[in-house]
Every structure is written in structure tokens, then in C-alpha cells.
Amino acid sequence: MKVSYEWINSFFKEGALPSVSEVEEKLTFHAFEIEGVEEVNGVSVIDVDVLPNRAADCLSHRGIAREISALFNTPMKEDPLRKEINVSKEGGVKVTLGKDASCSYYIAAHITGVEVKDSPEWLKARLEAIGQKPINNVVDATNYVLFELGRPTHVFDAKKFEGLHVGTRLAKSGEKITLLGGDEVELNDSMTVITDADSDKAVAIGGIKGGNHAEVDSNTTDILIETANFNPTKTRLTAQALKLRTDASARFENNMADGLADYGIERVVEIILKIAGGELQGYTKEGELDEGNMEVNVNEERISKLLGAKISTEEIEDIFTRLEFEYTKENEFKVKAPFERRDVNIPEEVIEEVGRVYGYNRIESKQLDSPQREGGVNKKYAYSEIIKKTLTELGVTEVSLYSLRDSGEVKLLNSLASDKDHLRKNLSDGIKESLVKNGKNMPLLGLHQELKIFEIGNVFGERETTNVCVGVEVAGNKKKEERVETILTNVKTHLENALGIKLGNVAGSTFEFTLDDILEDLKDVEEYSFGNVVGDISYKSASSYPFVLRDIATWVPAGVEKEEIEKIVVSHSGELLKRVDLFDEFEKDGRISYAFHLVFQSMEETLTDVVVGEIMEKIEGEINGKEGWEVR
Amino acid sequence: MGISYVILFSMQKSYINPLTSAIREIVEIFSEMGFEVAQGPELETEHYNFDALNVAKDHPARDMQDTFWVDENHVLRTHDTAVTARKLKENDGAMRFVSCGKAYRNEATDMTHEAQFFQVDAFAIGKDITLAHLKGTLETFFEKFLGGSVEIRFRPGFFPFVEPGVEVDMKLIGDDVPKRLKGKWIEILGAGMLHPNVLKTAGIDPEEYQGWAFGGGIERLCMLKWGIDDIRLFHGGDLKFIQQFSV
């Protein structure tokens with residue numbers, strides 16, 4: 001939520017509010033994360049990420065000012081929620097609350113003779129600073145109170161009602177309402193509407209948005225101001241269903257205090273009378289307000305015991321005072337939070353308040369004692385590790401693939417996309433796709449003969465199981481299936497030896513089995529035998545450009561090491577050479593033949609034959625220039 | 001050229017999936033501190049994913065995580081904390097568990113968001129386990145996992161299954177620390193003291209036992225550790241990526 005520093009400052013005596021950066025730091029470590037600070041029309045605007053449990057009382061300038069006041073131990077000049085309210089003058093509006101509608105309390109104010117015009121500059125400036133667009137003085141007054149006190153209110157043109165009679169009821173299924181701004185939405189019978197009761201026409205969606213039927217316009221003279229308490233959950237579900245999350249609904253769904261209603265309406269009335277004139281005819285109330293917060297009993301020792309820091313009685317009491325908690329202390333503290341706070345209902349929530357105001361950074365770290373309980377070995381994890389270790393040592397590389405696929409036995413009710421709306425029923429399908437993808441890069445990967453990958457992961461059919469799958473691809477088409485089968489069978493034999501159990505059959509290019517099914521037959525493990533972890537590497541992003549493969553075969557005199565040729569290759573290729581892999585070596589008539597795969601790739605562009613050709617020419621040139629050396 | 005020369009010619013290397021490597025280290029470090037390894041299903045009941053963790057049906061916190069639903073009562077677990085709920089239910093008394101597993105969120109993917117990801121969740125309960133022990137445990141963990149010397153900082157946070165809830169930042173200092181991490185505060189985990197409702201639901205008396213829990217993304221830990229910039233690389237199965245991670 002965006003809050004204006006200037007607006008916050010208006011709650012404090014001159015010079016009492018610490019600087020923007022001090023406020024930012026204090027809030028960060030004791031209350032809320034700060035998303036950022038920006039300057040808008042010369043005013044600092046702080047974007048505060050109010051935590052969900054504080055949305056009831058802190059989605060407002062007053063709420064943040066109160067928080068700052070507690071954290072800096074600096075009193076507010078005047079707190080609008082601590083003054084006497086007076087909404088007792090009875091007016092001529094009639095309110096009828098529908099039995100099923102989720103509205104527990106409704107207060108209406110009736111003002112006649114207002115002049116609808118632009119708001120005064122100070123009000124416009126405050127709204128604009130936090131990104132709100134001024135509309136007219138009457139509407140702006142309700143918006144202002146929303147951001148000042150966190151209390152949504154709504155204003156109707158009273159003369160557009162048939163009689164001065166407001167109702168609430170559930171919407172009819174399929175009932176339509178045109179909202180302020182002109183969008184029409186269709187309602188269902190779980191949603192609450194406000195009606196012009198005499199005509200039964202819906203004039204607003206409760207807690208969410210007003211309709212255009214009784215919209216205030218430049219000719220409006222008589223207005224009806226509404227503040228009502230709507231059920232938080234129903235408001236949230238309605239806003240979700242209509243995809244209409246508004247500043248109002250965001251506050252209702254967070255269960256703000258019932259008692260805010262009267263403060264909100266009185267404040268709106270006060271501002272409208274000041275900036276739009278008119279005469280207050282009176283208020284009408286229907287329904288009940290809840291009883292507010294209950295006392296919470298907290299054992300003093302428990303506070304320090306949960307937080308792990310010794311906090312003195314004086315400091316605890318000081319924190320309660322700063323937070324304006326009422327408290328008494330006998331054997332235990334009895335603590336009651338001010339009415340607008342909705343998040344202090346159990347001892348642990350009181351302890352949280354003490355902890356955060358005290359400062360979590362003052363809690364000194366402690367190491368755990370030795371455990372009381374003998375920790376056993378998790379057999380499934382232990383065997384996953386044994387399998388991973390065995391396969392890795394055989395040069396099989398582990399991949400992690402997606403569980404969401406285009407087909408399977410378990411379908412999601414809601415999905416990202418039609419190709420990701422099922423849970424995988426096996427690992428093989430993913431492994432096969434991965435073989436194809438990686439198969440295209442075999443030379444680049446230095447895997448000139450064979451590509452071996454595996455995955456251990458969960459699959460979903462009748463039940464969820466953890467499976468293991470190995471997949472193999474080989475270079476060239478000659479006797480391909482045979483070669484794949486030989487490699488897979490060899491891998492399988494190694495796994496069988498490591499596990500001490502027979503496994504199922506190789507199927508084409510993959511071999512998959514269910515770990516859960518053999519787990520019982522595997523012997524117990526005394527302790528984990530962890531495989532290697534990643535060494536001291538320096539990670540570099542891979543190039544997204546295609547690679548170029550070239551081979552080179554050479555004759556050199558006997559005694560020449562392959563590294564000498566490799567050095568020549570490297571010296572002419574620079575950064576573009578990704579790999580040089582020896583694939584053939586034999587000696588004949590006092591000469592050695594070395595053959596290499598050279599793989600070129602650029603980080604910046606697609607390499608052309610011309611560029612690679614020039615490099616090859618230089619390499620070949622240098623080799624051919626040496627006594628007894630020759631490129632074949 | 002000297003260094004890449006060495007890399008170019010060491011052909012017979014073994015490559016470790018970075019997630020496996022990170023999980024190995026996490027399990028090793030926490031095992032030494034007396035934590036047992038826990039696992040649980042990815043297709044989880046609504047009960048263990050939400051209700052048992054104090055996220056009631058109509059709680060707005062359910063909106064915080066975009067959930068994949070399988071049927072009316074089953075979800076793809078949105079956090080590995082579901083395993084914590086199971087272990088609390090299965091066991092009595094003092095216990096410590098660590099679990100590393102896959103979780104899912106129904107959200108658009110980008111460089112820092114994935115629909116599937118791995119999480120590490122750990123918890124310790126006993127008669128006098130406090131927020132101070134959480135700080136100490138995390139210091140030990142990060143010092144061993146990332147090297148160097150670690151400072152841990154808590155800020156207020158909100159997660160329905162803990163009370164108090166904290167956001168955890170860490171800062172690495174020392175000579176061995178990679179430059180990109182050195183001396184910077186990094187937001188790394190969510191944590192807190194297990195909510196009494198969570199303990200009660202599991203049949204544990206919150207007057208007698210208390211403890212902490214934390215959870216965080218393993219890909220994110222890997223990204224910090226190795227300087228990886230895109231979370232999507234972890235599950236693409238591309239060996240060009242995995243071959244960067246050699247023993």
C-alpha cells in the first residue's frame with residue numbers, strides 16, 4: 001500500500017515524525033517490508049507491504065501512523081480512532097437489512113443541499129500522491145477516508161432512490177448490475193447487493209463497488225452515505241468470482257473491525273460538510289456491531305521462553321503501553337488490544353507483538369542441544385542416494401524434468417496450459433524427450449558415442465510412487481537398438497549389484513522401475529553414504545547459439561603427445577572452441593595418428609562456415625608446417 | 001586461457017545435478033544436528049497442505065498460494081510444510097525433521113518463478129526450543145552450505161502455520177565468500193514458531209511443547225551458491241546446464 005509521508009506527518013506534531021529513511025528502517029525490522037520509496041509531486045511516497053494479519057488495521061495512513069508512533073515511542077498529535085464519536089442524530093432514511101444478506105450492520109447518513117464540484121487542492125494532492133484520481137468533492141471524501149482510516153464508505157445520489165429507503169438482500173441468480181464506470185456484471189445468489197428498497201433495484205454490490213444507477217453527478221444535491229459491515233469471506237469470494245478486487249473489498253475481506261464503521265461515516269460527513277456544504281439530516285443504523293476484542297491471558301515467562309530472550313517486565317509493559325494495549329498483571333498478564341486490531345487473540349500473538357517491538361535482532365542465537373531422540377535412517381532417501389551414486393559413477397547424468405505433462409492418469413482441475421494439465425504417469429516419456437533434445441547436442445556435450453541420463457521422481461497413477469528411469473541414446477544409426485540395449489543392460493546389472501536385488505526389463509531406450517515396490521525387499525541401511533557434491537566450480541551460462549562440429553586427423557612422429565596438437569588447436573580458436581575430444585589414436589610405421597572432434601560455439605552469434613573455416617585453415621597450416629607432421 | 005585449457009581436456013568427469021548436490025549437503029548438515037529425513041506425497045490432501053497448517057477453508061491465506069487442485073480434497077502440495085504436518089501427527093514429543101521435496105504453484109513462470117520447485121522444510125520441537133535456536137541453527141546451516149561466516153536477521157513475517165512468523169535474511173562475510181554475495185543482506189527463507197493450532201491439530205500439547213519451523217526454495221539456494229540467473233534451467237533437463245556441475 002502506498003502511503004504519503006506528508007499525510008503521515010499530519011498525524012504528528014511538527015518535527016516529531018522521524019525522517020523517511022528512519023521510518024523505512026523502523027518499519028522494515030519491526031513491522032512491514034518496504035517495497036520502495038518514490039517522489040510524487042514533491043512528496044515522498046512509501047510503498048508498505050502490509051502483512052495479511054495486519055491488513056485489518058494498517059491498510060491506511062492512520063494505521064501506519066499509529067504503528068510508527070508505537071515503534072518510535074512518539075505520540076500522535078491526535079488519533080482519529082481515539083476521539084469521541086457522535087452519530088446519534090436520527091435521520092429520515094429507512095434501512096432494511098435482508099435476512100440472508102451478509103450484512104450485519106448498516107449506518108446511513110443523509111445530507112441535503114451539497115454542491116458537487118472539484119475537491120480542494122490539499123485533498124486532491126493527497127489522493128494524487130498515492131495514485132488515486134480525484135473525481136468530485138463528494139466521491140473524493142469517501143476515497144479520502146478509505147485511505148485515511150482504512151474504512152470504505154459509499155455515497156449515493158439520494159434523489160435517484162424512489163423513497164429514502166435502503167435495503168440489502170442476496171442477488172438473484174443472473175441479476176445484472178451496471179457498475180460505476182459502465183461495466184455490467186452478472187451476479188449470483190451468493191452475492192450481497194444494496195438496493196433502492198422501494199423499487200428493489202440493486203444500486204451496489206455490497207463491500208465491493210457501487211452501481212451507476214444512483215451515481216453522484218454534477219447535478220446531485222442530496223446524498224446518502226453508506227457504511228456497512230459485510231461478511232469478510234463472502235466479500236472475498238464475490239470479488240474473486242467477479243474478478244473485481246477493489247480497495248474496498250480488500251479491506252472487507254481482511255476482517256476489519258466492526259467498530260470502524262461509525263468512525264468512517266462520521267469522518268466522511270465531516271469532510272463533505274466542509275468541502276461540499278449542505279446540511280446533515282441525520283443518521284440511521286440497523287443491525288449490530290460485534291463486541292470487539294477479548295482479553296488474552298499471557299504468562300510472562302512464556303514470552304521469554306518462546307522468543308528465547310530474557311525480556312524484563314518493565315520492557316514488556318512499556319511495549320504494551322506503546323501499542324495501546326490495555327493490560328493488568330496479577331499472576332499473568334491480561335491483555336486487550338485496541339478495537340481496530342484484529343490479530344491479537346491468543347497468547348502467541350501477544351508474544352509476537354512483544355518480540356517484534358522489542359526487536360528480533362536483539363535475540364541472540366543459540367545452538368540446539370543434542371537431540372533426545374535417536375534419529376533413524378530414511379530408507380527411501382538412503383536408497384535414492386545409493387542409486388544416484390551408482391548411476392553417476394557409470395557416467396549417467398541426473399536430470400530433473402517436469403511432473404506436469406499433456407497426458408496421464410491424473411488430470412488437474414485447474415492448469416497453466418493444456419500441455420501441462422496432467423500429472424506424469426511415468427518417467428520414461430519425459431526421459432525419451434530429453435534424450436532427443438540432448439541427443440542433438442552430443443558433440444557439444446563431449447558425448448560422441450553415447451548419452452546416458454536418469455531421473456528419480458514421483459509418478460501418478462492409481463497411487464503415487466517414486467520411480468527410477470534410465471535412458472540411453474547412441475551416435476550413429478548402425479545397430480542402434482542393439483547398442484542401446486547393451487548399455488542399458490549393463491547399467492541395470494550395476495544397479496542390481498548395488499541394490500542386491502533383481503530388477504525388471506529394459507524397454508527400448510529406457511529402463512524404469514518403481515522404487516517403492518522394491519523398498520521392502522532391500523536390506524536396511526545403517527547410515528547414509530552420501531555421494532559427491534559439486535566441487536569448486538565457476539558457473540557460466542550456456543550459449544544459446546548453435547554449435548559447429550569439425551573433425552581433424554593428423555599424422556605426427558612417434559613420441560609426440562596429443563596435448564601438443566591440442567595446444568595448436570586452442571591457440572588458433574580462442575574463445576570459440578568449446579571442446580576438443582580425442583576419438584581415435586593408433587601407431588603405424590613410426591608415426592601416430594590422432595583424430596579429434598572440435599566443437600565451436602559463440603556466446604554472441606551463430607557461427608558461419610567461413611569463420612570456422614578460417615580457424616581450421618590456420619590450425620591445419622601450422623600442423624602441416626611442422627617437420628614430420630601432417631593433416632590427413 | 002590456462003583455466004579453460006584444463007576444463008577442455010578433462011573429459012571423464014562426473015556431473016551432479018545441482019539440486020541433488022544441494023539436497024545432499026542440506027541433509028548432511030541437518031543430520032549432524034540430529035534431524036531425521038522426512039518425505040511425503042506430492043499429491044497431498046487438502047488437510048495436510050492447508051487445514052492441519054492452520055489455513056482454514058475460507059482463510060485468505062489460501063489465496064496467497066495459487067494452488068493446483070486435483071479434485072475437491074486433493075492438491076499438488078504448495079509447500080513442503082505439508083510433510084511437517086504429517087511428521088507432527090505421526091510422532092510424539094521432542095523431534096527434529098528435515099525434508100526436501102518438490103512443491104507446485106499455479107503461476108506464470110519467469111526467471112525467478114516456476115510451477116514446480118524444490119523446497120527444504122525443517123522443524124524442531126521440544127520443551128524449550130526457541131526463536132534463538134532457529135537463529136543458531138540457520139547460522140550453522142548457511143555457514144556450512146555457503147561457506148564463510150554468516151549473520152542471520154529476522155524481520156516480522158506472516159505465515160499461518162507459525163506465530164510469531166519471521167522473514168529470514170542472511171549476510172555472508174569472510175574471505176572465501178563469492179563477491180556477488182559478500183556483505184549483502186539476502187532474503188532467503190520464511191520461518192517462525194509453530195502455531196499452537198498446528199501443534200493441537202497434530203495432537204501435541206502446545207503448553208508442553210514448542211518449536212520452530214522454516215521453509216525455503218532449494219533452487220534459490222543453488223542460484224545464490226553458484227550464481228545461476230534463471231530458475232527454469234533446473235527442470236529443463238538440459239545437459240549443457242548440468243555439465244557445469246562437476247565433482
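Residues numbered from 1 in each chain as written. Chains lettered and ligands numbered in written order. Predicted model: local features only at pLDDT ≥ 70, side-chain atom pairs only at ≥ 80, totals over all residues.

Caption draft 1: Representation of the overall build of chain B within the structure. A count of helices and strands for chain B gives 9 helices and 10 strands. Since a compact globule built from 247 residues should have a radius of gyration of about 18 Å, the 19 Å found for chain B is in line with a globular shape. When its C-alpha atoms are laid out on the principal axes, chain B stretches across 65 × 40 × 30 Å. Within chain B, contacts between residues at least 6 apart in sequence are counted, and of these 71% link residues at least 24 apart. (Helix = DSSP H or I, 4+ residues; strand = E, 2+ residues; numbered from the N terminus. Rg over C-alpha atoms; globule rule 2.2 N^0.38 Å. Contact = placed C-beta atoms within 7 Å.)

Caption draft 2: Fine view of the overall build of chain A. Across its full length, chain A carries 19 helices and 28 strands. Compactness check: chain A gives a C-alpha radius of gyration of 37 Å against a globular reference of 26 Å for 632 residues, more than 25% above the reference. With the C-alpha coordinates aligned to their principal axes, the bounding extent of chain A is approximately 115 × 60 × 55 Å. A total of 632 residues make up chain A; the buried ones form 43% of that total. Sequence separation of 24 or more characterises 69% of the internal contacts of chain A that already satisfy a separation of 6 or more. (Buried ≥ 20, exposed ≤ 12 C-beta atoms within 10 Å, placed from the backbone.)

Caption draft 3: Fine view of unusual backbone geometry. A cis amide bond, omega -5°, links Glu163(B) with the succeeding residue Pro164(B). With respect to the element layout, Pro164(B) can be found in strand β8 (residues 162–173). A positive phi angle, close to 45°, is found at Asn41(A), a residue other than glycine. In this fold, Asn41(A) is placed in the loop between β2 (33–40) and β3 (43–49). Among the residues examined, Asn41(A) registers 10 C-beta atoms within 10 Å and is labelled exposed. One non-glycine residue, Lys479(A), lies in the positive phi region at around 45°. Tracing the backbone through its elements, the reader meets Lys479(A) in the loop between β23 (464–474) and α16 (480–499).

Caption draft 4: Region of the structure containing the packing of helix α18 (residues 562–573) of chain A against helix α19 (residues 609–624) of chain A. Residue and element names in this part refer to chain A. Across the interface, α18 lies against α19 with an axial gap of 9 Å and an inter-helix angle of 140°. Both α18 and α19 take part in a crossing whose hand is right-handed. Here Ile-565, Ile-568, Val-569, His-572 and Ser-573 of α18 come into contact with α19, specifically with Ile-615, Lys-618, Ile-619, Glu-622 and Ile-623. Residues of the contact of α18 with α19, tallied by class, amount to 6 nonpolar, 2 polar and 2 charged. (Axes fitted to C-alpha atoms, helices over the stretch in contact; angles between N-to-C directions. Left-handed = near helix turned anticlockwise from the far one by under 90°. Nonpolar A, V, L, I, M, F, W, Y, C, P; charged D, E, K, R; others polar.)

Caption draft 5: Representation of the nonpolar core in the model. Judged by nonpolar contacts, the single largest core of 240 residues is most densely connected at Ala108(A), Ile223(A), Ile272(A), Val98(B), Val168(B), Leu194(B) and Trp212(B). Every residue in contact with Ala108(A), bar those within four places of it in the chain, is listed here: Val93(A), Val95(A), Val166(A), Leu224(A), Ile225(A), Glu226(A), Tyr283(A) and Thr284(A). (Core = buried A, V, L, I, M, F, W, Y, C linked by C-beta atoms within 7 Å.)

Caption draft 6: Just the interface of chain B and chain A, in detail. Across the boundary between the two partners, chain B contributes 81 residues, which contact 86 residues of chain A. Residue classes in the side of chain B that touches chain A are distributed as 41 nonpolar, 22 polar and 18 charged.

Caption draft 7: Molecular detail of the pairing of strand β10 (residues 192–196) of chain A. All names here are of chain A. For β10, the buried fraction is high: 5 of the 5 residues fall into the buried class. Side chains Thr-192, Ile-194 and Asp-196 project from β10 onto one buried face, and the interleaved Val-193 and Thr-195 project onto a second face that is buried too. Alignment of strand β7 (residues 165–170) against β10, held across 5 bridges, turns out to be antiparallel. Bridge assignment links Leu-170 to a residue of β10, and that residue is Thr-192. By the bridge criterion, 4 bridges tie β10 to strand β11 (residues 201–205) in an arrangement that is antiparallel. Directly across from Thr-195, in β11, lies its bridge partner Ala-202. Once β10 ends, the chain turns through 4 residues before running back antiparallel as β11, passing Asp-200 with a positive phi of about 65°. (Pairing = 2+ DSSP bridges.)

Caption draft 8: Up close: the packing of helix α13 (residues 379–393) of chain A against α16(A). All names here are of chain A. Relative orientation of the contacting elements α13 and α16 amounts to 140°, with a least axis distance of 10 Å. As summarised for this structure, α13 and α16 are arranged oblique, according to the angle between their axes. Considering the relative orientation of α13 and α16, their crossing is right-handed. Residues Ile-386, Ile-387 and Thr-390 of α13 lie in contact with α16, whose contacting residues are His-494, Leu-495 and Ala-498. For the contact of α13 with α16, the class distribution of residues is 4 nonpolar, 2 polar and no charged. (Parallel < 35°, antiparallel > 145°, perpendicular 65-115°, else oblique.)

Caption draft 9: Representation of the sheet that holds strand β15 (residues 296–298) of chain A. Residue and element names in this part refer to chain A. What the 3 strands build is an open sheet, ordered β15-β17-β16; its pairing is antiparallel. Two strands lie at the open edges of the sheet, namely β15 and β16 (326–329), each paired on one side alone. Pairs of neighbouring strands in the sheet enclose a mean axial angle of 20°, with direction left out of account. Looking at chain direction, β16 and strand β17 (residues 333–336) are connected through 4 bridges and run antiparallel.

Caption draft 10: Representation of helix α2 (residues 18–32) of chain B in the model. Residue and element names in this part refer to chain B. Along its 15 residues, α2 runs 21 Å from first to last C-alpha, staying within 8% of the 21 Å computed at 1.5 Å per residue. Along α2, the residues that are buried comprise Pro-18, Leu-19, Thr-20, Ser-21, Ala-22, Ile-23, Arg-24, Ile-26, Val-27 and Phe-30. The first or second residue beyond α2 is Gly-34, which carries a positive phi of 90°. (Expected span 1.5 Å × (residues − 1).)

Caption draft 11: Main features of the domain arrangement of chain A. What the domain assignment lists for chain A is domain 1 (2–72), domain 2 (94–287), domain 3 (296–361), domain 4 (379–519) and domain 5 (548–631). Measuring from the centre of the C-alpha atoms in domain 2 of chain A to the corresponding centre in domain 3 of chain A gives 37 Å. (Domains from an automatic or database assignment.)

Caption draft 12: Geometry of the confidence of the model for chain B. Residue and element names in this part refer to chain B. Looking at chain B as a whole, its pLDDT mean stands at 90, while 93% of the residues score no less than 70. Predicted confidence is poor over residues 1–11, with pLDDT under 50, and the contacts of this stretch with residues over four places away or in other chains come to 7 contacts. Here the prediction assigns the complex a pTM of 0.91, and the interface score ipTM is 0.93. (pLDDT = per-residue confidence, 0-100.)

Caption draft 13: Inspection of the environment of Val268(A) at higher detail. Residue and element names in this part refer to chain A. The topology assignment puts Val-268 in helix α9 (residues 260–276). Each C-alpha atom of the pair Val-268 and Thr-142 lies 5.8 Å from the other, and the pair is 126 residues apart in sequence. When neighbours within four sequence positions are excluded, Val-268 is seen to be in contact with Ala-141, Thr-142, Val-145, Thr-153 and Ile-225.

Caption draft 14: Geometry of the pairing of β7(A). Residue and element names in this part refer to chain A. Across the 6 residues of β7, 5 count as buried, placing the element largely inside the fold. One ladder, built from 4 bridges, connects strand β4 (residues 94–97) with β7; its direction is parallel. Across the sheet, Leu-97 pairs through a bridge with Thr-168, a residue of β7.

Caption draft 15: A look at α16(A). Residue and element names in this part refer to chain A. Between its terminal C-alpha atoms α16 stretches 29 Å, which fits the 28 Å expected from 20 residues at 1.5 Å a residue. Taken as a whole, α16 has its buried residues at Val-484, Ile-487, Leu-488, Val-491 and Leu-495. Down the axis of α16, the sector holding all buried residues measures 95°, keeping them to one side. Exposed side of α16, more than 90 degrees from the buried face: Glu-482, Asn-490, Thr-493 and Asn-497 are the residues found there. One or two residues past the end of α16 sits Gly-500, with phi positive at roughly 70°. (Arc of directions from axis to C-beta.)

Caption draft 16: Main features of the environment of Gly98(A). With respect to the helices and strands, the residue Gly98(A) is situated in the loop between β4 and β5 (103–112). Considered as a pair, Gly98(A) and Ser403(A) are 305 residues apart in the sequence and their alpha carbons are 49 Å apart.

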